[in-house]
Amino acid sequence: MDRPDTIEYFLDLAATVSRRSTCLRRKVGAVLVDTHNRVISTGYNGAPSGLLHCNVVGCLREELNVPSGKDHQLCRGLHAEWNALMSAADKDAIVGSTLYCTTSPCITCSKLLINFGVRNVYYSVKYDDEYAKLLLDEAKIFCKQVEFSDRKLVDKA
């Protein structure tokens, strides 16, 4: 039996969660896991509760030709990391937790992860935001990119 290790398991789960995203540009999923490897919450990027999603009303960032990583305030959606943090029933369980995400956090999500007390981040795809990485490093949050190749982990140290 080919049993996935913990990192692969939770990154696979994040990839599944990303399928719920309604973003037209990038589908992102996140899974928050406590210090005992129990799922605290999940999140995907999409519009705030009760509002129409981008797949219904369109994407202002696309219409304005805004490049990836710029002018986040022009997006009507919340990032997957935000939604995972807000969805946690027990906010105290987030302290010391690990985030598994399909994409590395942006600077705004990094600030939230720091303030909520997340200690580790594993991600599959690097998001081009050098300042996010600087903040995570300064906060001493362990960050690691892990890609999948033929269902086997390829460590990007």
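Look up a bit, the structure's there.
If you're wondering where the values come from, they're calculated on a predicted model, not measured in any experiment.

A. Examining the nonpolar core more closely. Of all hydrophobic cores here, the largest spans 18 residues; its most connected members are Leu32, Leu99, Val118 and Val121. Going through the elements one at a time, β1 (29-33), α4 (80-87), β3 (98-103) and β4 (120-125) are the ones with two or more residues in this core. Top element by residues in this core is α4. It accounts for three residues. Apart from residues lying up to four places away in sequence, Val121 is in contact with Leu99, Pro105, Leu113, Ile141, Phe142, Cys143 and Lys144.

B. Spotlight on the pairing of β4. Relative to β4, β3 runs parallel, the two sharing five bridges. Residue pairing in the sheet places Tyr100 in a bridge with Tyr122 of β4. Note that the unit made of β3, helix α5 (residues 107-116) and β4 has a crossover that is right-handed.

C. Here's a closer look at the side chain of Asp129. For Asp129, the location among the structural elements is in the loop between β4 and α6 (130-138). In this structure, Asp129 is buried with no salt-bridge partner, the nearest side chain bearing the opposite charge being Lys70 at 8.0 Å. In contact with Asp129, not counting residues within four places along its chain, are Cys106 and Ile107.

D. Seen up close, unusual backbone geometry. Residue Asp71 is not a glycine yet carries a positive backbone phi of 50 degrees. The topology assignment puts Asp71 in the loop between α3 (60-63) and α4. Judged by relative accessible area, Asp71 falls into the partly exposed class, the value being 39%. Phi at Lys140 is positive, roughly 60 degrees, even though this residue is not glycine. As for its placement among the helices and strands, Lys140 is situated in the loop between α6 and β5 (142-149). Here Lys140 falls in the exposed class, since its relative accessible area comes to 66%.

E. View of the environment of Ala47. Along the chain, the position of Ala47 falls in the loop between β2 (39-44) and α2 (54-57). Judged by its relative accessible area of 11%, Ala47 is buried. For Ala47 and Ala88, which are 41 residues apart along the polypeptide, the C-alpha to C-alpha distance reads 18 Å. Not counting residues up to four positions away in its chain, the partners in contact with Ala47 are Thr22, Leu52, His53, Arg76 and Gly77.

F. Representation of helix α1 (residues 6-18) within the structure. Here α1 is 13 residues long and its end C-alpha atoms lie 18 Å apart, about the 18 Å a rise of 1.5 Å per residue gives. Along α1, the residues that are buried comprise Glu8, Phe10, Leu11, Ala14, Val17 and Ser18.

Parameters and conventions
Residues numbered from 1 in each chain as written. Predicted model: local features only at pLDDT ≥ 70, side-chain atom pairs only at ≥ 80, totals over all residues. Heavy atoms only, no water. Core = buried A, V, L, I, M, F, W, Y, C linked by side-chain atoms within 4.5 Å. Buried < 20%, exposed > 50% of the residue type's maximum accessible area, 1.4 Å probe, protein only. Helix = DSSP H or I, 4+ residues; strand = E, 2+ residues; numbered from the N terminus. Contact = heavy atoms within 4.5 Å. Pairing = 2+ DSSP bridges. Right-handed = clockwise from strand over helix to strand, strands pointing away. Lys, Arg positive; Asp, Glu negative; His and termini not counted. Salt bridge = Lys/Arg side-chain N within 4 Å of Asp/Glu carboxyl O. Expected span 1.5 Å × (residues − 1).

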